[in-house]
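# Close look at the chain arrangement
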Number of protein chains: 8
Amino acid sequence: MTDKIFLELLRRYKAGEVAEEKILDALKKFSLATESFGFANIDYGRELRQGFPEVVYSPGKTKEQLKIIFKKLYERSAGNLIASRASREQFEFLRDEIPEAIFDEAARMIYVDRDKTLKRDEQKKILIVTAGTSDVPVAEEARLTAYLWGNAVDTCYDCGVAGIHRLFAHIDKITSANVIIVVAGMEGALASVVGGLTSRPVIAVPTSIGYGASFKGLAALLAMLNSCATGVGVVNIDNGFGAGVLASKINHG
Amino acid sequence: MTDKIFLELLRRYKAGEVAEEKILDALKKFSLATESFGFANIDYGRELRQGFPEVVYSPGKTKEQLKIIFKKLYERSAGNLIASRASREQFEFLRDEIPEAIFDEAARMIYVDRDKTLKRDEQKKILIVTAGTSDVPVAEEARLTAYLWGNAVDTCYDCGVAGIHRLFAHIDKITSANVIIVVAGMEGALASVVGGLTSRPVIAVPTSIGYGASFKGLAALLAMLNSCATGVGVVNIDNGFGAGVLASKINHG
Amino acid sequence: MTDKIFLELLRRYKAGEVAEEKILDALKKFSLATESFGFANIDYGRELRQGFPEVVYSPGKTKEQLKIIFKKLYERSAGNLIASRASREQFEFLRDEIPEAIFDEAARMIYVDRDKTLKRDEQKKILIVTAGTSDVPVAEEARLTAYLWGNAVDTCYDCGVAGIHRLFAHIDKITSANVIIVVAGMEGALASVVGGLTSRPVIAVPTSIGYGASFKGLAALLAMLNSCATGVGVVNIDNGFGAGVLASKINHG
Amino acid sequence: MTDKIFLELLRRYKAGEVAEEKILDALKKFSLATESFGFANIDYGRELRQGFPEVVYSPGKTKEQLKIIFKKLYERSAGNLIASRASREQFEFLRDEIPEAIFDEAARMIYVDRDKTLKRDEQKKILIVTAGTSDVPVAEEARLTAYLWGNAVDTCYDCGVAGIHRLFAHIDKITSANVIIVVAGMEGALASVVGGLTSRPVIAVPTSIGYGASFKGLAALLAMLNSCATGVGVVNIDNGFGAGVLASKINHG
Amino acid sequence: MTDKIFLELLRRYKAGEVAEEKILDALKKFSLATESFGFANIDYGRELRQGFPEVVYSPGKTKEQLKIIFKKLYERSAGNLIASRASREQFEFLRDEIPEAIFDEAARMIYVDRDKTLKRDEQKKILIVTAGTSDVPVAEEARLTAYLWGNAVDTCYDCGVAGIHRLFAHIDKITSANVIIVVAGMEGALASVVGGLTSRPVIAVPTSIGYGASFKGLAALLAMLNSCATGVGVVNIDNGFGAGVLASKINHG
Amino acid sequence: MTDKIFLELLRRYKAGEVAEEKILDALKKFSLATESFGFANIDYGRELRQGFPEVVYSPGKTKEQLKIIFKKLYERSAGNLIASRASREQFEFLRDEIPEAIFDEAARMIYVDRDKTLKRDEQKKILIVTAGTSDVPVAEEARLTAYLWGNAVDTCYDCGVAGIHRLFAHIDKITSANVIIVVAGMEGALASVVGGLTSRPVIAVPTSIGYGASFKGLAALLAMLNSCATGVGVVNIDNGFGAGVLASKINHG
Amino acid sequence: MTDKIFLELLRRYKAGEVAEEKILDALKKFSLATESFGFANIDYGRELRQGFPEVVYSPGKTKEQLKIIFKKLYERSAGNLIASRASREQFEFLRDEIPEAIFDEAARMIYVDRDKTLKRDEQKKILIVTAGTSDVPVAEEARLTAYLWGNAVDTCYDCGVAGIHRLFAHIDKITSANVIIVVAGMEGALASVVGGLTSRPVIAVPTSIGYGASFKGLAALLAMLNSCATGVGVVNIDNGFGAGVLASKINHG
Amino acid sequence: MTDKIFLELLRRYKAGEVAEEKILDALKKFSLATESFGFANIDYGRELRQGFPEVVYSPGKTKEQLKIIFKKLYERSAGNLIASRASREQFEFLRDEIPEAIFDEAARMIYVDRDKTLKRDEQKKILIVTAGTSDVPVAEEARLTAYLWGNAVDTCYDCGVAGIHRLFAHIDKITSANVIIVVAGMEGALASVVGGLTSRPVIAVPTSIGYGASFKGLAALLAMLNSCATGVGVVNIDNGFGAGVLASKINHG
């Protein structure tokens with residue numbers, strides 16, 4: 001249940017079309033309502049409180065658990081849905097009951113793209129830049145998340161600093177974006193370079209791509225936290241989803 | 001030289017009051033101009049490009065070097081000025097020549113607050129929350145930065161999760177702020193709790209406060225990067241300045 | 001051989017029903033007796049000394065070794081038995097000879113639940129709380145251990161701080177429990193929040209659930225050690241068994 | 001205000017001696033009441049909710065801030081008071097106004113020992129064991145905390161495993177204690193050895209004592225988390241205070 | 001070629017039975033002789049210089065490479081031979097050509113036990129102690145190495161400190177051994193306890209056995225390096241072979 | 001397009017054989033030209049700018065992506081080509097279209113060796129030394145890279161410091177080489193010893209070979225960074241490719 | 001009380017010169033006797049059990065505590081005495097009462113050298129080698145310890161691998177020593193090189209000497225643990241004392 | 001004694017002016033000669049073997065030791081001299097006897113600049129670039145070292161990537177240098193950007209400049225080791241001296 005649906009209800013109440021009990025009931029049902037299944041406490045109110053239904057983190061959940069949670073969210077909400085870090089096996093198991101669900105292999109995401117009320121503002125673009133081709137899966141997770149949360153998204157992949165003219169070739173995209181997500185492994189230098197070229201916020205996503213001493217993304221993570229450019233916020237290693245959500249929240253400010 | 005001053009110049013050129021050479025000269029001087037002193041390359045154009053003059057990072061600079069750089073920026077720009085992580089000794093040495101300069105002991109910041117053109121939008125507040133009293137110096141660095149960059153700022157100090165009703169007592173501030181900066185040491189749990197209460201972006205600043213296994217802020221840093229709440233971006237340990245800038249850039253979007 | 005059995009023997013001795021040699025023999029057999037198999041030294045006396053037979057740590061043991069040890073303990077003790085971190089293959093190999101043995105897939109535990117003398121005191125509940133569904137397997141290891149050691153146990157799963165009302169919905173369980181075990185991965189903030197809500201001891205179990213910079217539970221471990229709430233004791237990463245035992249020892253004080 | 005004082009008030013209300021407004025007022029004042037000083041939010045209700053007034057963590061607080069907080073707690077509560085990790089300078093500054101305050105050099109603690117209602121149960125002793133003489137300051141912090149919170153405390157210092165008969169000489173103290181706090185640096189082996197000798201909970205406190213590769217307590221911390229003995233909960237490096245509180249909560253169960 | 005063979009040659013030369021060229025030739029061939037195969041430089045002289053032929057480290061070598069090296073050593077030396085950390089597949093590939101070779105599954109070692117001149121001195125025993133059954137494979141690597149290098153070896157497995165009477169039951173073995181190898185994972189406390197019970201050197205071998213925060217043996221490694229007992233030397237994690245060699249060198253002093 | 005081809009074009013322009021537009025076009029096409037495929041931005045100009053076509057890093061790329069990139073580089077450049085860290089599967093997929101491509105199993109490299117203009121200067125040899133046989137695959141990656149980039153290369157494998165005469169047997173190679181690449185795992189001591197024997201630059205490559213506390217190359221990496229010998233530059237763990245390129249650049253100075 | 005003194009007593013008892021009560025008394029007093037001072041448990045029996053009186057670790061002890069412990073040991077034992085890691089201030093405070101005490105500035109050791117019964121066997125020398133001059137203080141701690149424990153000691157300082165001929169100039173010392181202690185910071189390569197030149201045990205002591213990435217001795221520590229040479233045992237960073245004791249125990253085997 | 005002096009001697013020998021004994025004597029004296037002072041082994045031959053006298057590492061040496069070593073090198077060699085990481089106190093103590101010695105405060109270096117035979121080749125410049133002003137001291141150590149070893153050196157300070165046009169303003173210096181040393185703290189991104197702009201070798205020096213999570217240079221170190229640009233060799237944190245030597249060796253190839 002989104003704000004819009006609730007406001008519609010309110011207006012109909014004002015117009016005398018629905019009883020006040022229905023309003024109270026709706027509030028009670030959705031705002032802080034949770035449903036417990038022993039292994040999970042689904043938070044139905046998140047859509048009302050935050051504008052987007054609860055996103056399911058798939059690792060460590062059996063395919064049966066994931067299906068129950070995803071289906072309940074599908075039935076009790078009106079917005080787009082995401083199950084992040086899902087496996088193809090988890091997807092195959094739930095697709096029969098939720099035919100609208102799509103699986104994005106690169107982004108490891110099961111999603112439902114059904115919210116027709118979203119307006120993607122082309123004046124406030126989220127730009128996603130990657131250092132290399134190997135960083136693309138994490139970038140795709142960010143891109144898909146930001147898209148499903150109602151943003152206009154653009155990309156600029158494989159623009160690392162080793163051939164920095166590849167980045168400058170896209171200087172217009174960089175200076176006109178409202179938020180930039182930089183996805184980079186190895187030494188993560190791209191975040192600092194992009195941070196120095198824009199006056200808008202940069203979200204840096206370290207990836208686990210690299211030789212031995214990248215220590216699975218630690219090198220890029222530390223580099224990004226120490227960026228000499230200002231206005232850079234860092235999220236967890238390989239956490240494209242988190243970057244997509246943060247960019248979306250900034251964009252909707 | 002801010003955008004406003006330059007636009008004024010442009011308008012006067014259009015009105016035939018100034019020659020076109022003056023425009024070119026102004027652009028050349030300010031947009032990408034730097035001045036080198038051997039030990040430093042001052043970037044005068046940053047004010048034009050990013051809306052705020054270059055901020056000086058004081059550690060590792062002699063008091064003579066800091067004075068030269070700060071004075072040059074003072075003379076060649078019109079905006080507010082910041083020298084971060086400065087010592088009182090560095091301040092004492094430059095105050096004679098820049099009487100407007102003020103030293104904030106807690107925030108370890110030398111600053112000049114002179115830009116009368118800034119409009120602090122009370123509808124878009126930056127809220128700064130700390131877990132404890134010991135985190136206040138880092139928070140003050142963030143607060144002063146955000147203030148000098150033209151934001152309305154509010155604070156909520158010593159609201160850590162060990163007595164969580166102290167946080168809920170400020171629930172209105174939290175839900176109405178446009179950006180929230182959470183400053184916490186020890187286990188840094190406050191970032192996740194605040195992140196779950198707002199639909200707006202949260203900037204998490206780990207501090208080096210804590211017993212042995214905080215490892216000078218590492219514990220809080222890792223905790224914040226792993227926040228289960230979405231929409232949290234992390235900056236470096238004790239980096240109140242960086243948080244203030246990032247919040248300001250988000251706020252001005 | 002439990003305290004009760006030994007006290008029964010003592011009473012019968014006092015009543016002249018058994019000879020004093022039998023008492024000495026029993027003490028010698030059970031209190032410090034060990035039996036060596038080259039690869040293992042079984043400690044039969046632990047049941048007498050600590051009230052619960054030796055628990056077998058299964059990793060690194062061949063299925064043959066595990067069977068011998070488990071069977072010996074089965075024959076020479078009267079209490080409940082546990083082989084922790086066991087595989088299904090290890091279980092299949094020993095079930096023929098010990099038909100009472102059960103395998104709990106989630107908790108990775110082989111156990112025998114046969115001690116009818118245990119009284120689970122409902123006034124002194126151990127409550128197990130998890131941040132997410134993915135933490136449930138570790139929680140189940142703790143729950144089963146505490147149950148087999150004779151405690152009343154309650155659970156509250158998927159109550160992480162990102163939707164903190166899910167936790168407050170269980171405030172009664174939290175304030176009435178005698179010991180609380182908090183199982184959480186990612187940033188482990190739940191331990192601090194729960195620690196602030198109870199005046200009873202909290203046992204924090206970090207789990208290895210999380211994105212890259214959780215470093216397999218290190219982030220949650222450090223967070224829990226640095227908890228700003230008082231009264232929190234930490235056990236090893238994913239060590240649900242250890243938490244169950246510690247809670248049981250506290251509960252029986 | 002302790003439970004006892006409040007219950008007294010309640011009884012007098014029942015007896016018609018005080019008006020119901022007074023009860024409401026008391027509740028409002030104490031249960032969740034906080035007082036804000038900008039830099040601090042004092043939690044007066046903690047005494048009522050947890051049985052002991054808020055403890056002040058001194059590092060990072062100016063002596064002025066500490067004095068204000070400590071004095072307010074002194075005036076608004078009836079229990080014993082603690083300011084942990086305090087410096088002599090902080091103590092000197094507040095002793096004029098709070099003549100009852102005492103400074104313990106070894107434990108780095110300012111405290112007020114005034115609660116005459118506490119009954120220290122000699123049947124439920126907390127025993128504090130240290131590996132060496134160098135661990136004594138941390139142990140003293142634990143001892144003083146546990147004492148002020150109303151426990152009978154015993155000690156056994158310099159009993160490390162290098163001369164293990166020194167430990168066995170105290171076997172009676174060990175087997176009869178209700179909770180044992182083990183304080184050890186270097187390799188922290190003492191926690192495991194003590195853990196194997198008692199059936200009661202052990203709280204392990206790693207200290208930063210040791211040669212280079214102790215890495216300021218990391219070696220002992222990891223050792224204690226990996227203890228092969230069951231029933232061991234670990235607190236932060238050098239955190240004697242935390243151990244004292246946890247032991248007290250276990251003891252009062 | 002061992003010392004004995006060379007001395008025999010020398011004596012025959014003195015007796016006029018062999019020409020001096022033969023002596024020079026022998027020295028040249030064996031003392032510093034190496035044979036190169038591109039991928040390897042076999043050091044045939046090690047037997048003469050150190051009393052034991054070169055030991056082959058198997059990981060990272062193809063089965064073809066291992067076979068060539070092992071066979072060459074087999075043909076050109078007279079002592080016992082070891083290929084450490086070998087796989088069964090590497091063994092199967094070379095057994096046809098070296099029928100004397102044996103594979104020890106637990107110790108992951110291919111060896112040839114053929115040196116009949118070794119005298120194992122029962123008065124100078126090497127004792128190998130493990131904390132648990134899971135540490136046995138590493139202990140077996142140490143035991144087999146020490147045996148093949150000509151030592152009398154005794155063992156005492158599964159004697160960890162959680163049930164310390166199991167260790168004291170073997171106090172005679174401990175106080176009479178000439179060198180003691182302690183093999184332990186988890187917190188590695190056993191090395192300190194044994195170190196306090198003997199006046200002879202202790203070699204500590206940390207193993208990678210343990211829950212999460214053992215970090216694959218790091219916890220035990222740090223603990224052993226920080227042992228409060230004197231006379232403890234540490235080798236690499238799981239390096240039973242290195243411990244066996246060091247013990248042997250000490251024993252032959 | 002190499003320098004030679006472009007200079008030929010220039011000379012023909014001077015001779016009036018080609019129009020100046022053709023020169024401009026060539027420059028535009030090659031010097032900074034890139035071609036984008038969404039997932040990749042191929043940098044065709046690198047050959048002109050750096051003398052060697054772009055090298056493809058294969059991990060994280062699908063076999064389809066790798067084939068497209070490698071084929072484009074094959075068609076648009078004249079130099080030798082490298083796809084590093086490739087799998088046999090990636091190779092099999094592209095060999096049909098690029099029959100000249102060869103796969104080196106040890107070096108994990110797909111390459112095309114076609115540049116007949118390279119002159120390998122025998123007076124400026126690059127020498128590659130390894131500590132053990134297990135380090136050979138990384139050394140082969142360095143060797144092949146340096147060879148394809150036009151250098152004379154020599155090797156000296158399995159010359160670790162445990163039998164240091166094996167190294168001194170090659171003292172002539174060491175003192176006559178122009179650049180030396182030292183490839184070593186475990187403690188990486190070889191880099192310091194070689195560094196002390198030459199007055200030429202040494203490139204140290206730590207490998208991930210070793211027992212537990214090598215921590216996948218960290219031990220060798222730190223050792224090499226701390227080399228007491230001067231003139232040692234370090235590259236990433238197992239990064240034979242990077243060492244080969246750096247040696248080549250030094251050699252061509 | 002040393003073995004010799006006790007045996008003398010025994011012989012006199014046999015000769016009828018002393019009563020048997022005196023023997024019992026002596027045993028009781030010395031073998032397992034400890035004396036407690038609250039802060040310390042002095043282990044008088046260590047001299048009888050291990051052949052050398054308890055050594056006092058000075059850090060964290062007040063000068064008063066150190067004086068009491070040292071004086072008691074001085075009075076109740078006959079052997080040489082050591083207080084390790086002592087400060088000059090601690091020494092000045094106790095020298096009045098123990099005029100025989102000497103302070104070695106480099107080794108940071110207070111000692112009493114009075115045991116005339118020690119025979120230093122010149123055939124079993126302990127050789128101490130350092131990489132540089134900066135490692136000498138740690139080496140001196142080892143040398144003095146080994147000397148006071150009754151060994152013949154030789155040194156070879158500043159023989160690091162960067163100029164390896166400096167080491168080979170002492171090849172006779174190296175090949176004739178019975179035990180070698182290698183003291184080195186930075187990359188610690190010297191341990192491996194020396195380990196390859198001797199067939200006797202090597203004790204490696206990492207020091208905290210080095211540039212940034214030595215991480216206070218961690219680099220040398222890891223290198224030594226990963227030594228490719230066999231027969232190397234490692235002690236803690238900067239722990240010259242521990243190395244001296246271990247060498248002494250090996251030497252007296 | 002440099003190559004030149006020795007060759008002069010040789011020519012005079014050929015001309016019959018000096019006896020052959022003198023040549024032998026010279027070789028013996030200088031090539032491998034060392035002089036021992038107990039605490040130090042001075043390597044006089046290094047000048048002959050490597051072209052530059054031994055450089056003295058000052059930390060951990062007493063001022064007396066440093067003076068003896070430096071004076072001996074001053075008397076027995078003809079080249080420039082360096083004592084790195086020296087303190088002013090060490091300098092003051094030796095200046096009386098070596099009046100030519102100069103102390104560079106920023107570079108923490110005592111040096112003697114007297115070798116008139118050095119020819120600095122302006123065609124083969126070493127360029128030193130720093131990210132910020134705070135990195136200048138480390139850069140000065142590199143610059144002075146390279147200058148004293150006979151190179152033409154140029155600098156470009158405070159050109160970090162946050163204002164990347166400051167770097168591009170010096171593109172000519174960058175593309176024309178023969179070797180580039182990049183000195184940067186924080187995230188060290190400058191090494192990658194410069195590495196992508198030159199076809200010559202880059203030496204990266206991480207500095208310990210930065211906020212908390214730079215962990216004293218670890219962040220920059222890891223970033224530089226993971227540089228996506230090829231041809232980058234890394235030296236130790238803050239090791240300007242090592243970078244200067246490596247650059248010099250490359251430059252003289």
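Residues numbered from 1 in each chain as written. Chains lettered and ligands numbered in written order. Predicted model: local features only at pLDDT ≥ 70, side-chain atom pairs only at ≥ 80, totals over all residues. Heavy atoms only, no water.

## Side note on the overall build of chain A
In terms of helices and strands, chain A carries 11 helices and 11 strands. Compactness check: chain A gives a C-alpha radius of gyration of 20 Å against a globular reference of 18 Å for 253 residues, within 12% of the reference. For chain A, the spread of C-alpha atoms along the principal axes amounts to about 65 × 40 × 30 Å. Relative to its full complement of 253 residues, chain A shows a buried share of 63%. Once local pairs closer than 6 in sequence are excluded, the contacts in chain A between residues at least 24 apart make up 66%. Split by element, the accessible area of chain A, about 9000 Å² in all, is 53% carbon and sulfur. Within chain A, the 31 negative side-chain charges are centred at a point lying 2 Å from the centre of the 31 positive side-chain charges. (Helix = DSSP H or I, 4+ residues; strand = E, 2+ residues; numbered from the N terminus. Rg over C-alpha atoms; globule rule 2.2 N^0.38 Å. Buried < 20%, exposed > 50% of the residue type's maximum accessible area, 1.4 Å probe, protein only. Contact = heavy atoms within 4.5 Å. Areas by Shrake-Rupley, 256 points an atom, 1.4 Å probe, with all protein chains shown as cover. Lys, Arg positive; Asp, Glu negative; His and termini not counted. Charge placed at Lys NZ, Arg CZ, Asp CG, Glu CD.)

## Points about the pattern of salt bridges
According to the stated counting rule, one finds 103 salt bridges over all chains in the structure shown. Between Glu-54 of chain D and Arg-166 of chain B there is a salt bridge whose closest N-O contact spans 3.8 Å. Of this pair, Glu-54 of chain D sits in the loop between helix 3 (46–50) and strand 3 (56–57) while Arg-166 of chain B sits in helix 7 (residues 165–168), placing the two residues on different chains. You can call Glu-54 of chain D buried: its relative accessible area is 13%. (Salt bridge = Lys/Arg side-chain N within 4 Å of Asp/Glu carboxyl O.)

## Details of the packing of helix 6 (residues 136–148) of chain C against helix 11 (residues 240–251) of chain C
Working note: a packed helix pair is described by the angle between its axes plus the distance between those axes. All names here are of chain C. Contact geometry of helix 6 with helix 11 gives a least axis separation of 7 Å together with a crossing angle of 35 degrees. In this structure, helix 6 meets helix 11 at a crossing whose hand is right-handed. In this structure, helix 6 uses Val-138, Glu-141, Ala-142, Thr-145 and Ala-146 to contact helix 11, whose residues at the interface are Gly-240, Phe-241, Gly-244 and Val-245. Residues that form the contact of helix 6 with helix 11 fall into these classes: five nonpolar, three polar and one charged. (Axes fitted to C-alpha atoms, helices over the stretch in contact; angles between N-to-C directions. Left-handed = near helix turned anticlockwise from the far one by under 90°. Nonpolar A, V, L, I, M, F, W, Y, C, P; charged D, E, K, R; others polar.)

## Re the relation of the copies chain F and chain H
By a simple turn and slide, chain F fits onto chain H: the slide is 0.1 Å along the axis, the RMSD is 0.2 Å, and the turn is 180 degrees. Viewed as a symmetry operation, the transformation between the two copies matches a two-fold axis. When you check the interface residues of chain F against chain H, 100% turn up at the interface there too, and the contact is symmetric in its surfaces. (Least-squares fit on C-alpha atoms with pLDDT ≥ 70 in both.)

## Some remarks on the domain arrangement of chain A
All names here are of chain A. Per the domain assignment, the segments making up chain A are domain 1 (35–117) and domain 2 (126–251). The gap between the C-alpha centroids of domain 1 and domain 2 is 26 Å. Each partner contributes to the interface: domain 1 provides 14 residues, whereas domain 2 provides 12 residues. On the domain 1 side of the contact with domain 2, Phe-52, Arg-85 and Met-109 bury the most area, a combined 33% of that side's loss. One can count one salt bridge joining domain 1 with domain 2. Inspection of the region where domain 1 meets domain 2 yields three residue pairs in polar contact (both at pLDDT 80 or more). Listed by contribution, the elements that provide at least two residues to the side of domain 1 that touches domain 2 are strand 4 (81–84) and strand 6 (109–112). (Domains from an automatic or database assignment. Buried area = accessible area lost by both parts, 1.4 Å probe. Polar contact = N/O pair within 3.5 Å; in protein donor to acceptor, adjacent residues only side chain to side chain.)

## Focus on the interface of chain A and chain B
Taken together, the 26 residues of chain A in the interface contact 26 residues of chain B. Buried surface at the junction of chain A and chain B, summed over both partners, amounts to about 2200 Å²; 55% is from carbon and sulfur atoms. The largest contributions to the chain A side of the interface with chain B come from Leu-225, Thr-230 and Lys-249 of chain A, which together make up 26% of the buried area. At the boundary of chain A with chain B, the tally comes to zero salt bridges. Our count for the chain A to chain B interface comes out at nine residue pairs in polar contact (both at pLDDT 80 or more).

## A closer look at the interface of chain F and chain H
In this complex, chain F contributes 26 residues to the contact, which on the side of chain H involves 26 residues. Carbon and sulfur atoms make up 54% of the area that chain F and chain H hide from each other, which totals about 2100 Å². On the chain F side of the contact with chain H, Leu-225, Thr-230 and Lys-249 of chain F bury the most area, a combined 26% of that side's loss. Our count for the contact surface shared by chain F and chain H stands at zero salt bridges. Run the count over chain F and chain H and you get nine residue pairs in polar contact (both at pLDDT 80 or more). Of all the secondary-structure elements, those providing two or more residues to the side of chain F that touches chain H are helix 3 (46–50), helix 9 (190–197), helix 10 (218–225), strand 11 (232–234) and helix 11 (240–251) of chain F. The greatest single-element share of the side of chain F that touches chain H, amounting to five residues, is contributed by helix 11 of chain F. Considered class by class, the residues forming the side of chain F that touches chain H number 10 nonpolar, 13 polar and three charged.

## Overview of the pairing of strand 6 (residues 109–112) of chain C
Look at any regular strand and the pattern is simple: side chains alternate between the two faces of the sheet. Residue and element names in this part refer to chain C. The side-chain alternation of strand 6 yields two buried faces, one formed by Met-109 and Tyr-111 and the other by Ile-110 and Val-112. Relative to strand 6, strand 4 (residues 81–84) runs antiparallel, the two sharing three bridges. Note that in strand 6 the partner of Ile-82 across the bridge is Tyr-111. Connecting strand 5 (residues 102–104) to the antiparallel partner strand 6 that follows it, the hairpin turn spans four residues, and Arg-108 within it adopts a positive phi of roughly 50 degrees. (Pairing = 2+ DSSP bridges.)

## Thoughts on the side chain of Lys-124 of chain B
Residue and element names in this part refer to chain B. Position of Lys-124 among the secondary structure elements: in the loop between strand 6 (109–112) and strand 7 (126–130). Although buried, Lys-124 forms no salt bridge, and the nearest oppositely charged side chain, Asp-121, lies 5.6 Å from it. With sequence-adjacent residues up to four places away left out, Lys-124 is seen in contact with Ala-152, Asn-178, Asn-251 and Gly-253.

## Digging into the packing of aromatic side chains
Inspection of every chain in the model, using the stated rule, returns 28 aromatic pairs over all chains. Ring centres 5.6 Å apart and planes at 75 degrees place the aromatic pair Phe-168 of chain A and Phe-168 of chain H in the edge-to-face group. Highlighted residues: Phe-168 of chain A in helix 7 (residues 165–168) and Phe-168 of chain H in helix 7 (residues 165–168), drawn from two different chains. For Phe-168 of chain H, a relative accessible area of 24% puts it in the partly exposed group. Ring centres of Phe-91 of chain B and Phe-103 of chain B lie 5.4 Å apart, and the angle between their planes is 20 degrees; on these two criteria the pair is classed as stacked. Of this pair, Phe-91 of chain B sits in helix 5 (residues 88–94) while Phe-103 of chain B sits in strand 5 (residues 102–104), and the two are 12 residues apart along the sequence. Classification of Phe-103 of chain B by relative accessible area gives buried; the value is 12%. The ring centre of Phe-93 of chain A lies 4.1 Å from the NZ or CZ of Lys-67 of chain A, which sits over that ring. (Phe/Tyr/Trp six-rings, centres within 6.5 Å; stacked < 30°, edge-to-face > 60°. Lys NZ or Arg CZ within 6 Å of the ring centre and 35° of its normal.)

## A look at the pairing of strand 9 (residues 179–184) of chain F
Residues and elements named next belong to chain F. Burial runs high along strand 9: six of the six residues are buried. A two-sided burial pattern is seen for strand 9, the buried positions comprising Val-179, Ile-181 and Val-183 on one face and Ile-180, Val-182 and Ala-184 on the other. In this sheet, strand 9 lies alongside strand 7 (residues 126–130) in parallel orientation, the contact comprising five bridges. Among the inter-strand pairings, Ile-126 is bridged to a residue of strand 9, identified as Val-179. Bridge count between strand 9 and strand 10 (residues 202–206): five bridges; the pairing is parallel. If you follow Ala-184 over to strand 10, its bridge partner there is Pro-206. On the question of chirality, the crossover connecting strand 9 to the parallel strand 10 by way of helix 9 is right-handed. (Right-handed = clockwise from strand over helix to strand, strands pointing away.)

## Some thoughts on the sheet that holds strand 5 (residues 102–104) of chain A
All names here are of chain A. Sheet architecture is open: four strands sit in the order 3-4-6-5, paired in mixed fashion. Single-partner strands in this sheet number two, and they are strand 3 (56–57) and strand 5. Where strand 3 and strand 4 come together, two bridges link them in parallel fashion. When the bridges of strand 4 are listed, Val-56 appears paired with Ala-83. Helix-sheet contacts for helix 4 (residues 63–76) involve strand 3, strand 4 and strand 6, and the interaxial angle to strand 4 is about 160 degrees.

## Let's talk about a positive patch on the surface
A surface patch of positive charge is lined by Lys-216 of chain A, Lys-216 of chain C, Lys-216 of chain E together with Lys-216 of chain F. Among the secondary structure elements, Lys-216 of chain C is positioned in the loop between strand 10 (202–206) and helix 10 (218–225). According to the relative accessible area criterion, Lys-216 of chain C is exposed, its value standing at 57%. (Patch = residues over 30% accessible without salt bridge, like charges linked within 9 Å, V, L, I, M, F, W, Y side chains within 5 Å.)

## Comments concerning the relation of the copies chain A and chain B
You can overlay chain A on chain B at an RMSD of 0.1 Å; the transform is a turn of 180 degrees with a shift of 0.0 Å along its axis. The overlap is high: 100% of the interface residues of chain A also sit at the interface in chain B, so the same surface is used on both sides.

## Considering the packing of helix 10 (residues 218–225) of chain B against helix 10 of chain C
At a closest axis distance of 8 Å, the pairing of helix 10 of chain B and helix 10 of chain C adopts a crossing angle of 125 degrees. With respect to each other, helix 10 of chain B and helix 10 of chain C are oriented oblique. For helix 10 of chain B against helix 10 of chain C, the interelement crossing comes out left-handed. Of the residues in helix 10 of chain C, those touching helix 10 of chain B at Leu-218, Ala-219, Leu-222 and Ala-223 of chain B are Leu-218, Ala-219, Leu-222 and Ala-223 of chain C. Broken down by class, the residue content of the contact of helix 10 of chain B with helix 10 of chain C amounts to eight nonpolar, no polar and no charged. (Parallel < 35°, antiparallel > 145°, perpendicular 65-115°, else oblique.)

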